[in-house]
Amino acid sequence: MDNSIKKLVGDFLYKACQESGISLEHLPPIFINQPKKKERGDLSTNLPFSLSQRTGKSASQIGKLLTSPLENEKLFSRVEFILPGFINFFISDLYLKQTLKKLLIQKEKFTQFSLGEGKKVQIEFVSANPTGPLHIGHGRAAAFGDSMANILSRVGYKVEREYYINDVGGQIKRLSSSVWSRLRELEGEKVSFPQDGYKGEYLIEIAKKARKELGSKLSETAPHLLDLLGKFATDEILKEIKVDLEAFGVRFDNWVRESSLHQKKAIPQVLSYLQEKNCLYEKDGALWFKTSSFLPDEEDRVLRRRNGDYTYFASDIAYHQDKLRRGFDRVIDIWGADHIGYVPRMKAAIQALDYPEEALEIIIHQMVTLKRGKKRVSASTRKGEFIPLKEVLDEVGKDAARFFFLSCTCGSHLEFDLELAKKQTPENPVFYIQYAYARICSILENARENRIKIKSPDETGLDLLTTLEERELMRKLSLLPDEVYEAAKSLEPHRLTTYLQELAALFHQFYTRHRVINRDKELTQARLLLVKAIKIAIGDVLGLLGISAPQKM
RNA sequence: GCGCUUGUAGCUCAGUUGGAUAGAGCAUCGGAUUGCGGAUCCGAAGGUCGCAGGUUCAAGUCCUGUCAAGCGCGCCA
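Predicted, not measured: the structure shown is a model, and the values here were computed from it.

Draft legend 1. Molecular detail of the protein's contact with RNA strand B. Every one of the 68 residues lining RNA strand B counts as a neighbour, but F31, R40, E415, Y432 and Y435 are closest to it. Near the protein, within 4 Å, the atoms of RNA strand B are sugar or phosphate in 57% of cases. With respect to RNA strand B, the backbone of Q34 contributes an N or O atom lying 2.8 Å from a base oxygen. Measuring from a phosphate oxygen of RNA strand B, one finds a backbone N or O atom of T409 at 2.5 Å. Listing elements by their share of the surface near RNA strand B, those giving two or more residues are α2 (47-55), β3 (86-91), α6 (170-186), β8 (286-289), β14 (414-417), α16 (429-449) and α19 (494-513). With 9 residues, the top contributor of residues to the surface near RNA strand B is α16. Of the residues that constitute the surface near RNA strand B, the class distribution is 25 nonpolar, 29 polar and 14 charged.

Listed below in structure tokens is the structure:
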């Protein structure tokens, strides 16, 4: 659909440049902004300024050249040049009303774009180790990745969500020996708990379940006892993880186990590939990857230990090669900040595999620090010190939690104060938005009860929408496609939470000042359509964020 | 010690690839309802954008230095 008004304005400017003989070689990228002040119009650009630097002409000369062909354009009611070099655009009511109609007719297609061109994108996120329940940090990644996937698919990408399960290695051994200790505790034995084991109490439940289901297989002399326990425990934990994700509104298309890569012999294969490319060498009995030949500041890393085991890095290279070979046009990883030091070596590995560095896009989200009142809680699965995502969901709900995570840029360190989150629940911004939606539903219900039939936009005189509040609402709605587009382009869902708050505020202001259902039948019709359009917009954007839009609250 | 990230109102955070007079929510104070949902609306107060330099017509935004916080610097994953 490409209903971008900014693109439209940009095209006009481009044409105006052509017509006024400004050399297109000098043309910088055209940026269209929303001015902070209403007096400065609905949209503005600093193009005259940037052009004047490149062409040597004065900004006001260029301003005149650019604005005069636009003066009779129906899209604008006014176009003005302002010193030192801005052009302000005032969108015409005609355009706003046409856009309102489009939104009503096209619904969620209103924000569709051909940007993605049907290209395949894979987003891998959460990928928490199956050694314990999801905690609040995973919640941030889950909310972010999931809504990012929604947004990308809206702008024309084919999106796949993937979860990578590290079900091999030292941590799984620690997990199984921890379960074994818990089991023996249950039998009344006094055991010393493994020092680097998982201390969380959830393992007691799993041990109980293991005793019940595995029964006689669990003797100390049983062969592969720890493997058996490890498999059992990871499966149980994964089940719980899936339940939590489901409750958080997140579903994955694909679950990939690290163990499946081992079965496929993917790791020795990728290593021999790298060997041929002369990226490896042996030292101290171990096999090393020459990270430093790609990034001088990085140290070389071990891929195969002296004892013959592969490192996590080795299997991760195999995993990423596998992903890249699956034929995606974009591969996006979302990692927590605790993996930040891992980025350079992964990028180096990608290049060693003959892909350009950009073939893998890595987004780092900062840690969530937790507070309970004044106490800080660190999140450590190993020590069993963490607030499970489930607990947060139970206390503040899926919608509030997702909204909270999505309102911040993922680069910000954020503090989640559980006490505050609970206290704020009634005044949480997400309820403000949902309330606007429910109010509109209520108005529409009211209209139905009064047997007012809402006519189609073509039959209704939208010209009756003349108040300031109505214009502001139409203006905001007309900018929605650009917001979605920009959120997709910059991979920043939080733009949409900001947009929703502003839209909801405009609606509440309108609502307190004007009646939708009133004595003037024509005006009622027009306002019902406006309100219906807002409902579509709010509901749609909430959907992109994975937040519910309740008819009643 | 080195690297990455972050420092904006009392608190939690926005701030459009450098733009025009720095924003929102919460908390605080004051006001609004015989109207479609008061989980709302209106107003007040609240800031040396960590600090110091620099770049330029223009810096919260870019550069350098400095202070502080988080994370990372394994033949762990």
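Draft legend 2. Representation of the environment of E299 within the structure. Mapped onto the elements, E299 comes out in the loop between β8 and β9 (301-304). Sequence separation between E299 and F289 is 10 residues; the distance between their C-alpha atoms is 9.2 Å.

Draft legend 3. Seen up close, the pairing of strand β11 (residues 360-365). Within β11, 5 of the 6 residues are buried, which leaves the element mostly enclosed by the surrounding structure. By the bridge criterion, 6 bridges tie strand β10 (residues 330-336) to β11 in an arrangement that is parallel. Bridge assignment links D333 to a residue of β11, and that residue is I362. Handedness of the crossover joining β10 and β11 through helix α12 (residues 343-352) is recorded here as right-handed.

Draft legend 4. Spatial organisation of the sheet that holds β11. Spatially, the 5 strands line up as an open sheet ordered β6-β5-β4-β10-β11, and their pairing is parallel. Looking at the sheet topology across the chains shown, the edges are occupied by β6 (254-257) and β11. Across the sheet, the mean angle from the axis of one strand to that of its neighbour is 25°, orientation sign disregarded. Packed on one face of the sheet, helix α8 (residues 225-247) meets β5 (158-165) and β6 and runs near 155° to β6. Sheet contacts for helix α11 (residues 312-325): β4 (120-124), β5, β6, β10 and β11; angle to β5, the most-contacted strand, approximately 160°.

Draft legend 5. Representation of helix α4 (residues 93-106). Under the 1.5 Å per step criterion, the end-to-end length of α4 is 20 Å for 14 residues, consistent within 8% with the ideal 20 Å. For α4, the full list of buried residues reads Y95, L96, K97, T99, L100, L103, L104 and Q106. Among the structural elements, α1 (5-19), β3, α17 (468-478) and α20 (521-545) are those in contact with the buried residues of α4. Positive backbone phi, approximately 55°, marks K107, located one or two places after α4.

Draft legend 6. Here's a closer look at the domain arrangement of chain A. Annotation of chain A at the domain level lists domain 1 (5-91), domain 2 (120-166 + 252-365), domain 3 (170-247) and domain 4 (425-544). For domain 1 versus domain 3, the separation of C-alpha centres amounts to 67 Å.

Draft legend 7. Spotlight on the state of the cysteines. In the structure shown here, the tally under the stated rule is 0 disulfides. The thiol of C410 is unpaired, and the distance to the nearest cysteine sulfur, on C408, comes to 10 Å.

How each quantity is defined
Along each chain, numbering runs from 1 in the same order as the chain's sequence is written. Note on labels: chains are lettered from A, ligands numbered from 1, in written order. Reporting of local features is limited, given that this is a predicted model, to residues whose pLDDT is at least 70; pairs of side-chain atoms are given and counted only at 80 or more, and all residues count toward the totals for whole chains, interfaces and linings. Side-chain calculation: all heavy atoms of the structure are included, whereas hydrogens and water are not. One heavy atom within 4 Å of a molecule or strand is enough for the residue carrying it to be called near that molecule or strand. For this analysis, a polar contact is any N or O atom pair within 3.5 Å, provided that within protein one partner can donate a hydrogen and the other can accept it, and provided that sequence-adjacent residues contribute only side-chain to side-chain pairs. For the purposes of this entry, the term helix denotes a DSSP run of H or I that reaches at least four residues, the term strand denotes a run of E that reaches at least two, and both are numbered from the N terminus. The classification used treats Ala, Val, Leu, Ile, Met, Phe, Trp, Tyr, Cys and Pro as nonpolar, Asp, Glu, Lys and Arg as charged, and all other residues, Gly among them, as polar. Accessible area is worked out with a 1.4 Å probe on protein chains only. A residue is then buried under 20% of its type maximum, exposed over 50%, and partly exposed in between. For two strands to pair, DSSP has to find at least two bridges joining them. Whether a crossover is right-handed comes down to one check: with the strands pointing away from the viewer, does the path from the first strand over the helix to the second run clockwise; if it does, it is right-handed. Helix axes are fitted to C-alpha atoms over the stretch in contact, other axes to C-alpha atoms as well, and angles between N-to-C directions run from 0 to 180 degrees. Should any heavy atoms of two residues lie within 4.5 Å, those residues are counted as being in contact. Expected helix span is taken as 1.5 Å per residue step, with the number of steps being one fewer than the number of residues. The split of the chain into domains comes from an automatic or database domain assignment. Only a pair of cysteine sulfur atoms within 2.5 Å qualifies as a disulfide here.

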